[in-house]
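Each chain is listed here by its residues.
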Amino acid sequence: MTNFAFGLGVGTKSAAGDWLEVYFNAPLLNAPQALIKAVGDALDYQGGNQTIEIEESQLKALEAAFLSVGAEDQAEIVEVLEGTRQPLVVCILESDAEPQTTADVYLKLSLLSHRLVKPHGINLTGMFGKLPNVAWTSEGAVALDELPKRQLAARAQGRVLDVHSVDKFPKMTNYVVPAGIRVGDAARIRLGAHVGEGTTVMHEGFINFNAGTLGVSMVEGRISAGVVVGNGSDLGGGCSTMGTLSGGNNVVISVGENCLLGANAGLGLPLGDRCTIEAGLYVTGSSKVTLLDDQNNEVGVIKAGELAGKPDLLFRRNSQTGRIEVKTNKSAIELNAELHKHN
């Protein structure tokens, strides 16, 4: 019996019985086969990718199954959940196939934010159709058709039901806070973001799902869906990366290691290591760029996409002619270590 991912989750359902969200405290990637067999025997799991809704009364059997294979961390989760009235679910994914349920999607997003898989390392095909649009409130997830009554009931009790957002994705930090990060505004990081150890996300920084940083980075700009930022890179204030959902199509936009995107810059192509895009300059794959040698002599004009993944480049705009110029980058950035070493 093979296994790709496993998770014991507790979540929220609508009054109609539909899942709104699922919290996986300690999801597992490639769980031990002994654990899957023990859980399978307790829950009559027959193999394949299954979302198994369980009752609170089944937790004792599940705890015994975990303890029988030495999975004390999972058994501790069961102990906390005993007596809960919240809906419970066990997700067992034998393979990394297209997710079929809301719980499947939440398990996969959790794997990303727990840093168990990297962006683009998991199959999320069709996920939007499995995620309900939810009102994220001061009282948790609320189905949109139930929101007016919940708001009225709160007012009748002299309080306000605060609606933080209406979205398919919750904020990551309500599900996991990875070690070694700093976050200025948690609402700007969606569940499914991969935030590398040592990363600082300032108040205007944003990280979408299936995207993020692989190590130490300073993020003051936007990391769009699908964009991966290498270790040691700095995204300046207001800068933007073109995601696969916003014009990048099938081209995977990425930022290499030790790169700098200046304030209000933009990126629409894969950037190699030790590259810089000056402040205010937006470069896409179709941008015409003038190549310069070390003496600033013009040596040709090409599309920027031809430089995708090339290291040690400086992209700048000529302040007199307005043309985009590219030359060898002789001053690769170094992040201020003092900003990150205490994360």
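Throughout, residues of each chain are indexed from 1 in the direction in which the sequence is written. Where totals are concerned, whole chains, interfaces and linings use all residues; where local detail is concerned, this predicted model gives features only for residues with pLDDT of at least 70, and gives and counts side-chain atom pairs only at 80 or more. Computation of side-chain values: all heavy atoms of the structure, hydrogens and water removed.

The name an unreviewed UniProt entry gives the chain is 2,3,4,5-tetrahydropyridine-2,6-dicarboxylate N-succinyltransferase, with Marinobacterium nitratireducens as the organism. UniProt positions are given in the numbering used here, feature names are shortened, and annotations may be inferred rather than shown by experiment. Per UniProt, the chain carries the Catalytic activity (unreviewed entry) text "(S)-2,3,4,5-tetrahydrodipicolinate + succinyl-CoA + H2O = (S)-2-succinylamino-6-oxoheptanedioate + CoA". Listed under Sequence similarities (unreviewed entry) in UniProt, the entry text for the chain is "Belongs to the type 2 tetrahydrodipicolinate N-succinyltransferase family."

Right, let's talk about the overall build of the chain for a bit. For the chain, the count of helices and strands is six helices and 27 strands. Each principal axis of the C-alpha distribution contributes one length, and for the chain these read about 75 × 55 × 40 Å. Counting every position in the chain, which comprises 343 residues, the buried fraction comes to 49%. Partitioning the contacts of the chain with sequence separation of at least 6, the portion at a separation of at least 24 is 51%. Note on areas: Shrake-Rupley, 1.4 Å probe, and residue coverage restricted to the protein chains presented here. Summing over all exposed atoms, the chain offers an accessible surface of approximately 15,500 Å²; the carbon and sulfur share of this is 48%. Just so you know, the count uses Lys and Arg for positive and Asp and Glu for negative, and it drops His and the chain ends. Taken as the charge location is NZ of Lys, CZ of Arg, CG of Asp or CD of Glu. The positive charge centre, built from 28 side chains, and the negative charge centre, built from 38, are 7 Å apart in the chain. Secondary structure elements are defined from DSSP: runs of H or I of at least 4 residues count as helices, runs of E of at least 2 residues count as strands, and each element is numbered from the N terminus. Burial status follows relative accessibility: with a 1.4 Å probe on protein chains alone, a residue under 20% of its type maximum counts as buried, one over 50% as exposed, and anything between as partly exposed. Pairs of residues are marked as contacts when any of their non-hydrogen atoms sit within 4.5 Å.

The contact between helix 2 (residues 59-68) and helix 3 (residues 72-81) brings their axes to 8 Å, and the two run at 160 degrees. With respect to helix 3, the axis of helix 2 lies roughly antiparallel. The handedness of the crossing between helix 2 and helix 3 is left-handed. Between helix 2 and helix 3, the contacting residues are Leu-59, Glu-63, Phe-66 and Leu-67 on the first element and Glu-72, Gln-74, Ala-75, Val-78, Glu-79 and Leu-81 on the second. Charged residues are taken to be Asp, Glu, Lys and Arg, nonpolar residues to be Ala, Val, Leu, Ile, Met, Phe, Trp, Tyr, Cys and Pro, and polar residues to be all remaining types, Gly included. A class-by-class count of the residues in the contact of helix 2 with helix 3 yields six nonpolar, one polar and three charged. Fitted lines through C-alpha atoms give the axes, limited to the stretch in contact for helices. The angle between two N-to-C directions lies from 0 to 180 degrees. Working definition: roughly parallel below 35 degrees, roughly antiparallel above 145 degrees, roughly perpendicular at 65 to 115 degrees, and oblique for all remaining angles. Whether a crossing is left-handed or right-handed is set by the direction in which the near helix is turned from the far one by less than a right angle, anticlockwise for left-handed and clockwise for right-handed.

Attention now moves to the UniProt feature "binding site: succinyl-CoA" (unreviewed entry) in the chain. Residues given the UniProt feature "binding site: succinyl-CoA" (unreviewed entry) here are Arg-222, Gly-237, Ser-240, Ala-263, Glu-278, Ala-279, Lys-303, Arg-316, Arg-317, Asn-318 and Ser-319. Across 98 residues in sequence, these annotated residues place their C-alpha atoms as far as 26.3 Å from one another, rather than forming a single compact spot. Here Ala-263 is in contact with Gly-236, Gly-237, Ala-279 and Gly-280, once residues within four sequence places are set aside. Inspection of the secondary structure puts Arg-316 in strand 26 (residues 313-317). Setting aside its immediate chain neighbours within four residues, Arg-316 contacts Glu-278, Leu-281, Leu-292, Asn-296, Arg-323, Ile-324, Glu-325 and Lys-327.

This brings us to the packing of aromatic side chains. When two rings of Phe, Tyr or Trp (its six-membered ring) have centres within 6.5 Å they constitute a pair, described as stacked for plane angles under 30 degrees, edge-to-face for angles over 60, and tilted for the intermediate range. Under the defined criterion, the tally for this structure stands at six aromatic pairs. Seen from their ring centres, Phe-128 and Phe-169 are 6.1 Å apart, and the 70 degrees between their planes marks the pair as edge-to-face. Remark: Phe-169 occurs in the loop between strand 8 (163-167) and strand 9 (182-183) and Phe-128 occurs in the loop between helix 4 (102-113) and strand 6 (134-137); sequence separation between them is 41 residues. Judged by relative accessible area, Phe-128 falls into the partly exposed class, the value being 35%. Between Phe-169 and Phe-209, the ring centres sit 4.7 Å apart and the planes meet at 15 degrees, which makes this aromatic pair stacked.

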